[in-house]
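So the chains spell out like this:
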Amino acid sequence: MKPTLPTSLPDYSYLGTLKQLYHDIDLAINNHFNDFPDHKKTLPCKDGCSACCSQFFEISEGEALYILYYVSLQSIDFQQKAKESLDIAFSRFVHEFASFYQSHFKYSDTELFDYEAYFNDPIRFEIRIPCPFLSVQGSCTIYPARPIICRTTGSSYTTLDDCGEICEIIPSSLKSHQWQADLRHFQDRIWSFSELSLLDRDDSSNSPFDSDEIIELRQFPLFYSLYELLCLPASFEEAYLSPLFKDYLTLTRSELEKKLFHKLIL
Ligand code: SF4
């Protein structure tokens, strides 16, 4: 069924501000490679390479909902294929990494989810499942809606820390800085999309936290979040008309934050 969603996002909405951040990041990366064409030649990331697209990484809930928004505007055939691919990825995860899934995702929707154990489990670094939106030709089928990690991995950096290898092809994040775009000035804006700021809350008296705290929102692997959003509902219409999706599409950031207490990493 065709969605009944706006074809443009309100600027003030959470997803509208995320779209602006995507635009600004893309512009900064493009400007870098225009200014330093030699860096573009040195960059190991080439058309058709998808080495990083099978890695196990997390995205914020807002980024997952932005992808859902993008999918909702595509053809029914595209949506159906996306759903099938998500089903396959999720099934692979549950069956091939059964003990990891059972140990960590049993309480994924509650405060009992143990992020420290999850992020530090060595199995997490070994999981390889191709992204459901990766085409057989090795290109991204949701390119305009890809999350921040996909926009920046390989091409740019947000910290000068040694983060280890980037993918099977790029073995050192430190060495990569010689060709990458410097996006350190974006770090706060990027973090802000996976955090809930409790500053300036007018109902902080109802909050279990100090009013100046910043708390992280839940983050899950791309295929896991999209499976929950697109495949678990009974129909596309139900997925696209869900209250959570509507909130991200229509509320301002501060209005949305007031509704997200149950989605905190505690
Ligand atoms: S969203 Fe696109 S770029 Fe990101 S992992 Fe999937 S296919 Fe690759």
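Remember, predicted model here, so these are calculated numbers, not experimental data. (Residues numbered from 1 in each chain as written. Predicted model: local features only at pLDDT ≥ 70, side-chain atom pairs only at ≥ 80, totals over all residues. Heavy atoms only, no water.)

Asks: Can you explain the site of the ligand? Please cite residues and give values.
Replies: Around the ligand, the surrounding shell consists of C53, F57, C131, F133, L134, C140, I142, C150 and L222. Its residues assigned to classes, the shell around the ligand shows 9 nonpolar, no polar and no charged. (Near = heavy atom within 4 Å. Nonpolar A, V, L, I, M, F, W, Y, C, P; charged D, E, K, R; others polar.)

Asks: Can you tell me about helix α5 (residues 98–105), naming the residues and giving the values?
Replies: A turn of α-helix holds 3.6 residues, and therefore any two residues three or four places apart point the same way. Among all positions of α5, only F100, H104 and F105 are buried. For α5, the angular spread of buried residues about the axis comes to 85 degrees, placing them on one side. Facing away from the buried surface of α5 by more than 90 degrees, the exposed residues are S99, Q102 and S103. Elements in contact with the buried residues of α5: α4 (76–96), α6 (115–120), β6 (219–221) and α10 (222–231). (Buried < 20%, exposed > 50% of the residue type's maximum accessible area, 1.4 Å probe, protein only. Helix = DSSP H or I, 4+ residues; strand = E, 2+ residues; numbered from the N terminus. Arc of directions from axis to C-beta. Contact = heavy atoms within 4.5 Å.)

Asks: Quick rundown of the packing of helix α3 (residues 61–72) against α10? Include the residues and the values.
Replies: Their axes nearest at 10 Å, the elements α3 and α10 cross at an angle of 55 degrees. Put simply, α3 runs oblique to α10. You can see that α3 and α10 cross each other, and the crossing is right-handed. Where α3 abuts α10, its residues A64, L65, I67, L68 and V71 lie against L222, S225, L226, L229 and L230. Of the residues that constitute the contact of α3 with α10, the class distribution is 9 nonpolar, 1 polar and no charged. (Axes fitted to C-alpha atoms, helices over the stretch in contact; angles between N-to-C directions. Parallel < 35°, antiparallel > 145°, perpendicular 65-115°, else oblique. Left-handed = near helix turned anticlockwise from the far one by under 90°.)

Asks: Can you break down the side chain of S173 residue by residue, with the values?
Replies: Counting through the fold element by element, S173 comes out in helix α8 (residues 173–176). By relative accessible area, S173 is classed as buried at 6%. Within polar-contact distance, the side chain of S173 engages the side chain of D162 at 3.5 Å. Those residues in contact with S173 that sit more than four places away from it in its chain are D161, D162, C163, G164, I166 and Q180. (Polar contact = N/O pair within 3.5 Å; in protein donor to acceptor, adjacent residues only side chain to side chain.)

Asks: Would you mind going over empty space enclosed by the protein in detail, with residue names and values included?
Replies: In this structure the tally under the stated criterion is 1 cavity of 30 Å³ or more. The space that makes up the largest cavity amounts to roughly 60 Å³. C53, Q55, F56, F57, I129, C131, P132, P221, L222 and F223 are the residues that line the largest cavity. Across the lining of the largest cavity, the residue classes tally to 9 nonpolar, 1 polar and no charged. (1 Å grid on protein atoms, 1.4 Å probe; cavity = no way out; pocket = protein on both sides within 12 Å on 5 of 7 lines; lining within 4 Å. Points joined across faces, edges and corners; volume = space filled by probe spheres on them.)

Asks: An account of the pattern of salt bridges is requested, with residue identities and associated values reported.
Replies: Within this structure, the stated rule accounts for 9 salt bridges. We note a salt bridge from R124 to E58, for which the minimum N-O separation is 2.8 Å. Of this pair, R124 sits in the loop between α6 and α7 (148–152) while E58 sits in strand β1 (residues 58–60), and the two are 66 residues apart along the sequence. For E58, a relative accessible area of 13% gives the class buried. Residue D182 pairs with R184 through a salt bridge whose shortest N-O separation is 2.7 Å. With relative accessibility at 31%, the residue D182 sits in the partly exposed group. Accessibility expressed as a relative area gives 40% for R184, which makes it partly exposed. The network of salt bridges with shared partners includes D26, R146 and R151. (Salt bridge = Lys/Arg side-chain N within 4 Å of Asp/Glu carboxyl O.)

Asks: Run through α4, naming residues and quoting values.
Replies: Under the 1.5 Å per step criterion, the end-to-end length of α4 is 30 Å for 21 residues, consistent within 8% with the ideal 30 Å. Listed as buried for α4 are Q79, A82, K83, L86, A89, F90, F93 and V94. Angularly, the buried residues of α4 cover 135 degrees about the axis, an arc narrow enough to put them on a single face. Facing away from the buried side of α4, by more than 90 degrees, are the exposed residues I88 and H95. Elements that come into contact with the buried residues of α4 comprise α3, α5, α10 and α11 (236–240). (Expected span 1.5 Å × (residues − 1).)

Asks: So what's going on with the side chain of S72? Which residues, and what values?
Replies: Locating S72 in the fold gives a position in helix α3. Taking relative accessible area as the criterion, S72 reaches 1% and is therefore assigned buried. A distance of 2.5 Å separates the side chain of S72 from the backbone oxygen of Y69, its partner in a polar contact.

Worth remembering: the numbers are spatial, not functional.
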